[in-house]
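Summary of the model geometry
The lines below spell out each chain.
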Amino acid sequence: MSRVQDGYDRRDAAALAALHSHDCVVDSPIAGVHVGRAAIERTLRTVFSAFPDLRIRKEDLLVAGNRAVWTLTIEGTDTGGFMGLPPTGKPFRLSALFMFTFGN
């Protein structure tokens, strides 16, 4: 998970997308369903553009079989808006959960 943390620290959408399989499926309640590395990279570029000071802090990583759950805190300032909403210019902080399934 250190490569993921590093990718977010550098806001490197291409490096983060490269960590996924070419046919991966990412299902987000906020950003919707994205299939493949190119879709993930586009979505991350949009997020990094809307929140240029985005920071994530890794909390816990739980692994069981071919699944993992990563809890984290996300902070930043909404300077670019997101999903068609106008930017608020306000800082935000939220807890998040990433769930991964490796191979099938």
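To start, this report covers the structure provided alongside it. (Residues numbered from 1 in each chain as written. Predicted model: local features only at pLDDT ≥ 70, side-chain atom pairs only at ≥ 80, totals over all residues. Heavy atoms only, no water.)

**What to know about the overall build of the chain**
A count of helices and strands for the chain gives three helices and five strands. For the chain, the N- to C-terminal ordering of α and β elements is α-α-β-β-α-β-β-β. Over its C-alpha trace the chain gives a radius of gyration of 14 Å, about what one expects of a compact globule, namely 13 Å for 104 residues. Counting only C-alpha atoms and orienting by the principal axes, one finds that the chain spans roughly 40 × 25 × 25 Å. (Helix = DSSP H or I, 4+ residues; strand = E, 2+ residues; numbered from the N terminus. Rg over C-alpha atoms; globule rule 2.2 N^0.38 Å.)

**Remarks on helix 3 (residues 37-50)**
Over its 14 residues, helix 3 runs 20 Å from end to end, which matches the ideal 20 Å to within 8%, given 1.5 Å per residue. The complete set of buried residues in helix 3 reads Ala39, Ile40, Thr43, Leu44, Val47, Phe48 and Ala50. One side of helix 3 carries all its buried residues, which in axial view fall inside an arc of 165°. Of the exposed residues in helix 3, the ones pointing more than 90 degrees away from its buried face are Arg42 and Ser49. Looking at the buried positions of helix 3, the neighbouring elements they touch are helix 1 (2-10), helix 2 (13-18), strand 1 (25-28), strand 2 (32-35) and strand 4 (67-77). (Expected span 1.5 Å × (residues − 1). Buried < 20%, exposed > 50% of the residue type's maximum accessible area, 1.4 Å probe, protein only. Arc of directions from axis to C-beta. Contact = heavy atoms within 4.5 Å.)

**Comments concerning the sheet that holds strand 3 (residues 55-64)**
A sheet is described by the order of its strands in space; here three strands give the open sequence 3-4-5, paired in antiparallel fashion. The strands lining the two open edges of the sheet, one partner per strand, are strand 3 and strand 5 (91-101). On average, each strand axis in the sheet is tilted by 15° relative to the strand beside it, whichever way the strands run. Taken together, the eleven bridges between strand 4 and strand 5 define a ladder with antiparallel strand orientation. Each residue of the ladder has a partner; that of Glu75, found in strand 5, is Arg93. Packing against the sheet, helix 1 makes contact with strand 3, strand 4 and strand 5, and its axis sits at approximately 160° to strand 3. (Pairing = 2+ DSSP bridges. Axes fitted to C-alpha atoms, helices over the stretch in contact; angles between N-to-C directions.)

**Topic: the packing of aromatic side chains**
Taken as a whole, this structure holds five aromatic pairs when the rule is applied. Judged by centre distance (6.3 Å) and plane angle (80°), the ring pair of Phe98 and Phe100 falls under edge-to-face. Its relative accessible area of 22% is what places Phe100 among the partly exposed residues. Here the aromatic rings of Phe100 and Phe102 are separated by 6.1 Å at their centres, their planes lie at 10°, and the arrangement is stacked. Linked through ring pairs, Trp70, Phe98, Phe100 and Phe102 together constitute an aromatic cluster. (Phe/Tyr/Trp six-rings, centres within 6.5 Å; stacked < 30°, edge-to-face > 60°.)

**Overview of helix 1**
In an α-helix there are 3.6 residues to a turn, and that puts residues three or four apart on one side. Listed in full, the buried residues belonging to helix 1 are Val4, Gln5, Gly7 and Tyr8. Looking straight down helix 1, one finds its buried side chains confined to an arc of 160°; they lie on one side. Opposite the packed face of helix 1, turned more than 90 degrees from it, sit the exposed residues Ser2 and Arg3. Of the surrounding secondary structure, the elements contacted by the buried residues of helix 1 are helix 2, helix 3, strand 3, strand 4 and strand 5. Residue Arg11 follows helix 1 closely and has a positive phi angle near 55°.

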